[in-house]
Amino acid sequence: MCKINQRLNGSNKVTWVTAFCLLFPLTTFASSTELLPRYSFTEFNIAFILGLSLPLLLILALFKPTLKVKWHYPALLTLSLLALFYSFTNLTQWQIPAILMASGLFTLIAFLWIQQDLPKNPLNKISQWTMLIASLCFIGGVVVLREVDVFQLWLGYLAIQLSITAVSVTKADTQRKHKLRVLVLSAILATFGGALYFWLNTQASLVWVISLSVLSYLFAVINGCWGLVDAVNLKVNDLKLALESQKVDDVSVDIPLDPVSNLPTYQHSLSVFKQAIQQASSNNFVAIVFKPLNFYQVNKVLGHQNSDILLLQLAFNLQRSVGDNELLLNFNDKNSPIRISRLQGLDFLIVLNASLSNYPVKIVIEDICNKLVKAVPQAMSFKSFSLSFELAFGAAISEKSSNEAEQLVAHASDALLEGERGEQQISYYNYQSAIYTEQHLAKMEKLRQDIVNNNIVWLAHPQVSLASRTLTGFELAIDWQTNDGMRLAQHEFDEIAEFSGEIYQLTKQMIKQAFYVLSVMHQQGIKQSVSINLSSKNLLEAELADYIERQAIAVGVPLEYLVIELCEKVLLDSAFRARMMVDQLKALGIQISIDGFSGSYESLRYLRRTSIQQVKIDCALLNNEQSARSEKTIVNALINLIRKMNIPIVATGINNQEIERSYLAIGGDVAQGNIINQGVLVSEIATWLTQWHDKTKQA
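Position numbers for residues count from 1 along each chain, tracking the sequence in the order it is written. Totals for whole chains, interfaces and linings use all residues, but because this is a predicted model, local features are given only for residues with pLDDT of at least 70 and pairs of side-chain atoms are given and counted only at 80 or more. Side-chain numbers here rest on the full set of heavy atoms in the structure, without hydrogens or water.

Colleague: Mind showing me how you'd approach the packing of aromatic side chains here?
Modeller: To describe a pair of aromatic rings, one takes the distance between the centres and the angle between the planes. Note on aromatic pairs: the rings of Phe, Tyr and Trp (six-membered ring only in Trp) are paired at centre separations within 6.5 Å, and the planes decide the class, stacked below 30 degrees, edge-to-face beyond 60, tilted for the rest. Under the defined criterion, the tally for this structure stands at seven aromatic pairs. When the centroid spacing of 6.2 Å and the interplanar angle of 45° are considered together, the rings of Trp-154 and Tyr-157 count as tilted. On the criterion of helical spacing, the pair formed by Trp-154 and Tyr-157 is a turn pair, its members being three residues apart in helix 6 (residues 147–171). A centroid spacing of 5.7 Å and a plane angle of 25° characterise the contact between Phe-290 and Phe-348, whose relative ring orientation is stacked. Here Phe-348 lies in strand 3 (residues 348–353) and Phe-290 lies in strand 1 (residues 285–292), a separation of 58 residues in the sequence. Judged on exposure class, the residue Phe-290 and its partner Phe-348 are both buried. Of the aromatic side chains, those joined through ring pairs into one cluster are Phe-290, Phe-348 and Phe-393. Looking at Lys-362, its charged tip hangs above the ring of Tyr-428, at a distance of 4.5 Å from the centre. We count a charge as sitting over a ring when the NZ of a lysine or the CZ of an arginine lies within 6 Å of the ring centre and within 35 degrees of the ring normal. Here the guanidinium or amino end of Lys-508 rests over the ring plane of Tyr-547, the centre of that ring lying 4.9 Å away. Labels follow the DSSP assignment, with helices taken as runs of H or I lasting at least four residues and strands as runs of E lasting at least two, numbered in each case from the N terminus. Throughout this description, buried means an accessible area under 20% of the type-specific maximum (1.4 Å probe, protein chains only), exposed means over 50%, and partly exposed covers the range between.

Colleague: Help me out: how do you make sense of the packing of helix 15 (residues 503–523) against helix 16 (residues 542–555) in this one?
Modeller: Pairs of packed helices are described in terms of their axes, by the angle between the two and the distance that separates them. Here, axes are lines fitted to C-alpha atoms. For helices the fit covers the stretch in contact, and angles between N-to-C directions go from 0 to 180 degrees. For the pair helix 15 and helix 16, the least separation of the axes is 10 Å and the interaxial angle reads 25°. Between helix 15 and helix 16, the interaxial angle falls into the category roughly parallel. As for the relative orientation of helix 15 and helix 16, their crossing is right-handed in sense. For the pair formed by helix 15 and helix 16, the contact residues are Tyr-504, Thr-507, Lys-508, Ile-511, Lys-512 and Phe-515 on the first element and Glu-543, Leu-544, Tyr-547, Ile-548, Gln-551, Ala-552 and Val-555 on the second. Geometric relationships in this document are graded by angle, where less than 35 degrees denotes roughly parallel, more than 145 denotes roughly antiparallel, 65 to 115 denotes roughly perpendicular, and other angles denote oblique. Rotating anticlockwise by less than a right angle from the far helix to the near helix defines a left-handed crossing, while the corresponding clockwise rotation defines a right-handed one. Should any heavy atoms of two residues lie within 4.5 Å, those residues are counted as being in contact.

Colleague: Sorry, what's going on with the pairing of strand 8 (residues 457–465) here?
Modeller: Each regular strand carries side chains that alternate between the two faces of the sheet. The buried fraction of strand 8 is high, at eight of nine residues. A pair of strands is labelled paired if DSSP reports no fewer than 2 bridges between them. As judged from the eight bridges shared by strand 8 and strand 9 (residues 471–479), these two strands associate in the antiparallel manner. Among the inter-strand pairings, Gln-463 is bridged to a residue of strand 9, identified as Gly-473. Counting the residues between successive antiparallel strands, the hairpin from strand 8 to strand 9 contains five residues, one of them, Arg-469, with a positive phi of roughly 55°. Where strand 8 and strand 16 (residues 680–681) come together, two bridges link them in antiparallel fashion. Bridge pairing links Ala-460 to Val-680 in strand 16. In terms of strand pairing, strand 8 meets strand 15 (residues 670–671) through two bridges, oriented antiparallel. The partner of Val-464 across the bridge, within strand 15, is Ala-671.

Colleague: Sorry, what's going on with the layout of surface pockets here?
Modeller: Estimated volume of the second largest pocket: approximately 1,500 Å³. Contributing to the lining of the second largest pocket are 46 residues, with Ala-489, Gln-490, His-491, Asp-494 and Asp-595 lying nearest its centre. Put simply, the parts of the chain that give the lining of the second largest pocket at least two residues each are strand 8, strand 9, helix 14 (490–500), helix 15, helix 17 (568–573) and strand 13 (614–618). Top element by residues in the lining of the second largest pocket is helix 14. It accounts for seven residues. Grouping the constituent residues of the lining of the second largest pocket by class yields 17 nonpolar, 16 polar and 13 charged. Think of a 1 Å grid over the protein atoms and nothing else: a 1.4 Å probe that fits but is trapped marks a cavity, an open set flanked by protein within 12 Å on at least five of seven lines marks a pocket, and residues with an atom within 4 Å of a point count as lining. Grid points are joined across faces, edges and corners, and a volume is the space filled by probe spheres set on the points. In this classification, the charged set is Asp, Glu, Lys and Arg, the nonpolar set is Ala, Val, Leu, Ile, Met, Phe, Trp, Tyr, Cys and Pro, and all remaining amino acids, among them Gly, are polar.

Colleague: Which parts of the structure should I look at to understand the packing of helix 16 against helix 18 (residues 575–587)?
Modeller: Relative to each other, helix 16 and helix 18 sit at 20°, their axes nearing to 10 Å. Here helix 16 is positioned roughly parallel relative to helix 18, judged by the angle of their axes. As helix 16 runs across helix 18, the sense of the crossing is right-handed. Where helix 16 abuts helix 18, its residues Ala-542, Leu-544, Ala-545, Asp-546 and Ile-548 lie against Met-581, Gln-584 and Leu-585. In terms of residue class, the contact of helix 16 with helix 18 is made up of six nonpolar, one polar and one charged.

Colleague: Sorry, what's going on with the nonpolar core here?
Modeller: Nonpolar side chains in soluble globular proteins generally cluster together in the buried interior. To qualify as a nonpolar core, a set must consist of buried Ala, Val, Leu, Ile, Met, Phe, Trp, Tyr and Cys residues joined through side-chain atoms within 4.5 Å. The biggest cluster of nonpolar side chains holds 81 residues, and the ones touching the most others in it are Phe-474, Ile-564, Ile-617 and Tyr-663. Per-element accounting of this core gives the leading share, 10 residues, to helix 15. If near-sequence neighbours (up to four positions away) are discounted, Tyr-663 is found in contact with Leu-466, Cys-619, Leu-622, Ile-639, Ile-649, Ala-651, Ile-654, Gly-668, Asp-669, Val-670 and Ala-671. Formed by 47 residues, the second largest nonpolar core is a distinct cluster that contains Phe-111, Phe-138, Tyr-157 and Trp-199.

On their own, these measurements won't tell you what the molecule is for.
The structure is reproduced here in structure tokens:
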């Protein structure tokens, strides 16, 4: 610990010495005014630059191993400026090329030094290499071209440097004050370049060129020293965090700590939690899991190694805010209480013993959460990156059905996820949702078992022309019952199948059943279509189209008799994948239908762009009830719209005669529903087709 204090004091000295280094040339200037008559203006500035640069270079060389600063930029900048002054005063032959090459190197080094403080990214590297290549071309042009052409080349070279720097700074994710410093320095360098151009054309005084070159040098050094001071401050902060970390280590050597946050690990806090539950006379605990939001931006910009420093600082502030709260479970000893532990990822855990408080438990929870929120610094900074954090909380209050430590923590984590989705700061675990989840899981397990045991019942819903009472096709569906014998709505069944991971397997079985029905129909000379529904975006895969083609070849039925129904929601939510799937199916000759058409603007655009052979509209609301009058008007408008687009319509939900009459009055014809047939078992399709054929003949 003593060594850390010594390094901390040494870093403070670096800041004072750096400030003295910048003030030293001013004292040199004051003491040298008596010598002004003996030297020319250029020679005086040479002495001034030497008086400024030597102490600065000495400081950078001494502290380079500790601060890891770039000392070669100020050294090269000083040498290039001295070379420029030497060319002004001592050269007669090749003076102009020497001045231009020295000026080119001077501006190049100044611009490269600017970009060292920008965040590292591919654009920054490209701009640096572009500047180097432009400098080589400029030096070559100085040697080869005439003087007049060289003057124009100098302006072009300077313009390239300014443009590259402007693009790099604009695209860089850095603070506004840093961008302002860069823009000021760029403006001064541009003024220097312009003064040099006018001097070369005998339109400006040498005093202006030298003055602006010295001014550019001073601002470049100030900008570089500014970065040096930032590095010193960063080092000081790191040492402070290390000192605080060491203090925590001194008092917590007997418990396992997370290496990043210096907080107890999840395994240790869980064991302490279990002991507290066993020793407590009444189980009245609350597990609170919380996390800092938008922390992923830190990892993305700074990387995990640098973001760990911010996470350590955040953990320290949070622990300090609740360290004295005796309502919270202590994961350490009594002398040095630690109330927070780290879970996986960015999640943290605190445990409230609500039996120790006389206030309502939710009021106590909100009070603790507010204290943690206030403990978060308004803006946590690292180098030139700054970010404000917010905390989100998930709380699980113990009940008789959930008195285990692991279960409470898991419930609190679930509440946190639910709160993030709903953008709530504090979210409480809903035990009723747990019951619903268990029922949902039971349904998914039964579906898996029914698929394995081949207990799925397949139904074929006939589609007929209401005017002529002729069969126009079938739509396949699944007749499945839950554990309690309840039949789910189609969208509920699709949700169960999708979450269980069995929807792809079910769809493949449906394809097999569809081609079986088609083969039976063709054997009886009925050349009508069979429809199957793709209700999930997970089914939009090229493999499924290949599987359909293989099944068609196996039974010897042309693919033109198969209709693939795509739900409108799937078409709009996964537009690109759906379009690729539609193109692939159409290439095979398969007909495409849109199911559940709503007439939205996006769906109409899809109809216009894609060739669709069929549209299905739910007409269950076509009745004379007063409450359904507006819905009836909408269905009426949709049907008329699709008819004008010359796209065949199939109505669903034709469940009574009243709906049938309304549909026919609108101008509809092909339909399916309970009034026609509630569904034919696929295993009995041959018998039903024979009976339907005989019934049609008699009619």
